[in-house]
Amino acid sequence: MPPQHSKSGDPARSLALLWRTQEPASRRRGRPGLSVDRIVLAATEIADAEGLAALSMRRVAEALGVGTMSLYTYVPGKGELIDLMVDAAYADLDSSDRSGGWRERLRRIANANRDLYIRHPWILQTITTRLLGPNLIAKYDHELSAVDGLGLSEVEMDSTVNLVNGYVESTARQTLGAEQIARESGMDDEQWWRTYDPLLAALIDDSQYPVASRVGSAVGAAHQAVYDPDHEFSFGLERVLDGVQVLVDARSAAHSPSPTGGSA
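For clarity, every value in this text was computed on a predicted model and none was experimentally measured.

> Quick question: what am I supposed to make of the pattern of salt bridges here?
It is possible for side chains of opposite charge to pair when their charged atoms get near one another. Summed over the entire model, instances satisfying the criterion amount to 15 salt bridges. Across the salt bridge formed by Asp-242 and Arg-103, the nearest N and O atoms sit 2.6 Å from each other. Residue Asp-242 is located in helix H11 (residues 229-254), and its partner Arg-103 is located in helix H6 (residues 102-119); the two are separated by 139 residues in the primary sequence. Among the ionic pairs, Asp-230 bridges to Arg-114, the shortest N-O distance being 3.1 Å. With Asp-230 in helix H11 and Arg-114 in helix H6, the pair connects residues that are 116 residues apart, well separated along the chain.

Rendered as structure tokens:
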């Protein structure tokens, strides 16, 4: 993913639009059939297909078949539009399924967030952590509920959710980066290594790097590539959850009755 990030909009204006507490004063002069939701949907389709770099108010207006100035009746600018797009994307997450134990629920949450980033990779270029829109709040509440009642403090609950989400974001960046390299090179990982492995074999003396050679060969045989994003994601997620398990077990032990009947 490119390193640059989009700028968020004016907080007051974005929050008013996110929570729909204040409609634009000039809305009644807007084009019939045009709305904030339609603008957000059109902008999201552009960003999904071409990235945030291709997004502009003019481009969205062209997609909707209206004049650019018509959009400003509903959305003040590109920054506020991106804020709305991010919160709208969070609405795609299913927060209705609260079945299973905490580990199963966190696993499901992690996979749902990963899928969201794959569908909308441009979200990873946004900075909207301070703008708590309705869908982000619903997402946060759903994720916290997965670890509620485990004996963790409120701060530990928040940190646990952030730990899982941070891991998901990091691995999603790696996956999308690999996909971008494949597109630009015209070869996926398997094709690249099949093409250049003979050259590497001629350059590298296995006896100088015995562990790397042994492990690399095993990975190549297992994945038919040097990197399998699905395997790496699942493997790493389980290790993250193992760490959470240690914390949950420690808190459970701390609250268990002592042999004498008191608190441990």
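So that's the structure; there's more coming.
> What is the right way to read the environment of Arg-20 from this model?
Of note, Arg-20 is situated in the loop between helix H1 (11-18) and helix H2 (36-50). Judged by relative accessible area, Arg-20 falls into the partly exposed class, the value being 36%. It is 9.9 Å that separates the C-alpha atoms of Arg-20 and Gly-133, two residues lying 113 residues apart in sequence. Not counting chain neighbours up to four residues away, the residues in contact with Arg-20 comprise Val-36, Asp-37 and Leu-84. A distance of 2.6 Å separates the side chain of Arg-20 from the side chain of Asp-37, its partner in a polar contact.

> Explain the nonpolar core here, please?
Here is a general trend for soluble globular proteins: nonpolar side chains tend to be buried in one another's company. Ranked by internal contacts, the top residues of the largest apolar core, which has 56 residues, are Ile-39, Val-60, Leu-71, Leu-81 and Met-85. At the level of secondary structure, the elements contributing two or more residues to this core comprise H1, H2, helix H3 (57-64), helix H5 (78-90), H6, helix H7 (134-145), helix H8 (154-185) and H11. Dropping the residues within four chain positions of it, Met-85 is found in contact with Val-40, Ala-43, Thr-44, Ala-47, Leu-52, Leu-55 and Trp-122.

> Before we go on, may I ask you to explain the UniProt feature "DNA-binding region" (unreviewed entry) in the chain in this structure?
Per the UniProt record, "DNA-binding region" (unreviewed entry) is annotated on residues 56-75. For the annotated span residues 56-75, helix accounts for 60% and strand for 0% of the residues, and the straight-line distance between the end C-alpha atoms is 12 Å.

Conventions adopted
Residues numbered from 1 in each chain as written. Predicted model: local features only at pLDDT ≥ 70, side-chain atom pairs only at ≥ 80, totals over all residues. Heavy atoms only, no water. Salt bridge = Lys/Arg side-chain N within 4 Å of Asp/Glu carboxyl O. Helix = DSSP H or I, 4+ residues; strand = E, 2+ residues; numbered from the N terminus. Buried < 20%, exposed > 50% of the residue type's maximum accessible area, 1.4 Å probe, protein only. Contact = heavy atoms within 4.5 Å. Polar contact = N/O pair within 3.5 Å; in protein donor to acceptor, adjacent residues only side chain to side chain. Core = buried A, V, L, I, M, F, W, Y, C linked by side-chain atoms within 4.5 Å. UniProt positions renumbered as here; feature names shortened; annotations may be inferred.

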